[in-house]
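Summary of structural features
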Amino acid sequence: MKFSLLIAKRFMLGGRGSGASRFTGWIAIIGLAVGCFALIVSVAVLNGFEARVTDKVVGFEGDLRLTARDPAIDLIEIAAALQGTGLVQSYMPFMERKALVINDFDDSRMVTVKAVDFSKITSFYKLGVDSISNNNSVLMGLLVSQRMNAIPGDRVKLISPIDMPLGFGLPRMLRLPIAATFRAEVLDYDDRMLFISLPAGRQLFVRKTAIDGIDLRFGDQQFPEEARTRIEAVVPTGVEVRSWAELHSGLFSAMRMEKVGAIMVLSLIILVASFNLTSTLALVTYQKVREIGILRTMGVTRPGIRRILLIQGLIIGGLGAACGLIISSALVLLQQKTGIIPLPTEIYIIDSLPMILYLQDIIIIPLIAFSLIILGSLIAGNRATLIQPKEAVQMEK
Amino acid sequence: MILKAENITKSFSNGQRILTVLRGIDFELPEGEIVTIMGPSGSGKSTLLNILGTLDKPTAGDLKINDLDISRLRDRELADLRNRTIGFVFQFHHLLPEFSALENILIPSLIPRKNSNLADRALELLDYVGLTEWKDHYPSELSGGEKLRVAVLRSLINRPQIVLADEPTGNLDMANASNLIQLFIGINRDFKQSLVITTHNPEVADIGHRQFEIVAGKLIQRNS
């Protein structure tokens, strides 16, 4: 290995006076740097957006949700017990159903009405609302309010079409003032969600005999999966525990697929750059045919020649990949600290490009890069092993 | 006997016809002997030397080095054998331009995984040929004769049993050729080094204890 490294370093990019291979070598280094840079930055941006979405979804729903098919199971009692043992920080019982909202001009819109405990709604959900003074009111999604031409202070009617007190006739109707509007900025919640208090929910959803479920929130110090396992162990049979990721599995699997797709497509840049590296090493081999031949006569094996080319490839490719990784990581760090790349807030809601790099990305992306570099180097190395020493040593200067 | 070749035949085929260059050559090399092989260009001298040096395989015949049947050895074993047992000198010096004279001499000693530090031996060899002050110079800074002397020293660094020299003076002027001939005589005398030298230079051929000529693919001894 020591010998191969020595020869690889001295033969680097064709050794003395090898302009062509030096030029293509630099192109390979730049190509690999660009490929790694693009891959890291793209993954960081996708991570950033995913984290924003996750944060919003969790902020709107909680870390875990408990539901029970049997209405006899008292979910509130279970949640209170969990809070008592310290497994959850807080909980929020809710009822949820499609309903019709009607304004004073008789404009109507189908929305999802979620009845929750108004006393802790602003602390439990991240809605951008400080407090609600009137418990018997409506908290309306900003886009719903805009479409309904309704502003805080206006009254709206709520009707749940399937909740008829007698099982037939007209459904129950509530007329409530709008306490405030919220802006969740995730999915279409702002365009279809309304919050009312639990007592109002019980009045409106007359056919519901119990709450639909309970959203749970952990303390910051807990690991969600660990906490979930512990909760699943203590809740009685019949209670289903689901995370926000499971509730929105379609969305999150789409984001995962998007990330995998981006990694695969952008890896092609590295693949092309590694082919360029192969060309460079092939050129080095061509320029060093005599030297490789003489090394073979002196006792260097075919694997030894392959190893020399592999080391060269790793040095050249590693330099490119390292440059790309360092520059892109620095950019991600800079963006996180200063937000130098802005986004138009009217389109993207957020004011700067979100970028996050996880440890797994910092491991996987260099792994991809180095796998492709090794592949490219081995292709060139295998070509070099085909050099016949008896022919190489007959070549004149 | 260090090297023994029996009934070596080598043919080349271009797809339509077969050209036989060597026809049943028998050859032996004892320790401490200089053997020279003459012949015009294309007579098969280099082909024979390549076969003796395990760089090429004969179409037929057996080659044994230290009683080891070469045809049974794998690539790695052949490479190891070449490194330990055989030194090569070619018409062109083939020094590695990125290495100094001293480093070039040392290269064969660095190839084995368990290599020994032969820097002192390399310096002694440089001193032997009067090139000590050129040890740190690169090949581009050496004359043709100096380069070839360094190449000879490189072939000697691992104390090989056999040195094979393929037309070593073919690229040198008279003075440098004469110096190289003296060097070969010297290393044979002082180190008991066995040498097989191919040449078309009669002066070089004359230094052989046994002198051969390849005629029509056959090895014919010129002296008794």
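Examining the overall build of chain A
- A count of helical and extended segments in chain A gives 15 helices and nine strands.
- Here the C-alpha atoms of chain A give a radius of gyration of 32 Å, more than 25% beyond the 21 Å that 2.2 N^0.38 yields for 397 residues.
- Each principal axis of the C-alpha atoms in chain A carries an extent, and together these give about 105 × 45 × 35 Å.
- Taking all 397 residues of chain A together, 50% fall into the buried category.
- For chain A, the share of sequence-separated contacts (at least 6 apart) that also reach a separation of at least 24 residues comes to 77%.
- A total of about 18,900 Å² of accessible surface is found on chain A, and carbon and sulfur atoms cover 60% of it.
- Counting 41 positive and 34 negative side-chain charges, chain A places the averaged centre of each group 14 Å from the other.

Some thoughts on the sheet that holds strand β8 (residues 194-199) of chain B
Residues and elements named next belong to chain B.
- Pairing in this open sheet of six strands is mixed, and the strands run β6-β7-β8-β3-β9-β10 from one edge to the other. Of all strands in the sheet, those bounded by a partner on one side alone are β6 (86-89) and β10 (218-221). Ignoring which end each strand starts from, the neighbouring axes of this sheet average 20 degrees apart.
- Taken together, the four bridges between strand β3 (residues 34-38) and strand β9 (residues 210-215) define a ladder with parallel strand orientation. Looking across to β9, one finds that I37 is bridged to F212.
- With respect to the sheet, helix α6 (residues 174-191) is in contact with β3, β7 (162-166) and β8, its orientation differing from that of β8 by roughly 160 degrees.

Section: the sheet that holds strand β2 (residues 18-29) of chain B
Residue and element names in this part refer to chain B.
- In space, the four strands of this open sheet follow the order β2-β1-β4-β5, with antiparallel pairing throughout. Each edge of the open sheet carries a strand with a single partner, namely β2 and β5 (68-69).
- For strand β1 (residues 3-13) and β2, the ladder comprises eight bridges, and the chain directions are antiparallel. Counterpart to K4 in the pairing with β2 is E28.

Brief notes about the confidence of the model for chain A
- Averaged over all residues, the pLDDT of chain A equals 86, while 96% of them reach at least 70.
- Taking the mean pLDDT of every element in chain A, the minimum, 73, falls on helix α13 (residues 345-348) of chain A and the maximum, 93, on helix α12 (residues 302-338) of chain A.

What about the pairing of β10 of chain B?
Residue and element names in this part refer to chain B.
- Here four bridges tie β9 to β10, and the two strands are oriented antiparallel to one another. Paired with I214 across the strands is L219, a residue of β10.
- Counted along the chain from β9 to the antiparallel partner β10, the turn is two residues long, and its residue A216 has a positive phi close to 50 degrees.

The rules behind each value
- Residues numbered from 1 in each chain as written.
- Chains lettered and ligands numbered in written order.
- Predicted model: local features only at pLDDT ≥ 70, side-chain atom pairs only at ≥ 80, totals over all residues.
- Heavy atoms only, no water.
- Helix = DSSP H or I, 4+ residues; strand = E, 2+ residues; numbered from the N terminus.
- Rg over C-alpha atoms; globule rule 2.2 N^0.38 Å.
- Buried < 20%, exposed > 50% of the residue type's maximum accessible area, 1.4 Å probe, protein only.
- Contact = heavy atoms within 4.5 Å.
- Areas by Shrake-Rupley, 256 points an atom, 1.4 Å probe, with all protein chains shown as cover.
- Lys, Arg positive; Asp, Glu negative; His and termini not counted.
- Charge placed at Lys NZ, Arg CZ, Asp CG, Glu CD.
- Pairing = 2+ DSSP bridges.
- Axes fitted to C-alpha atoms, helices over the stretch in contact; angles between N-to-C directions.
- pLDDT = per-residue confidence, 0-100.

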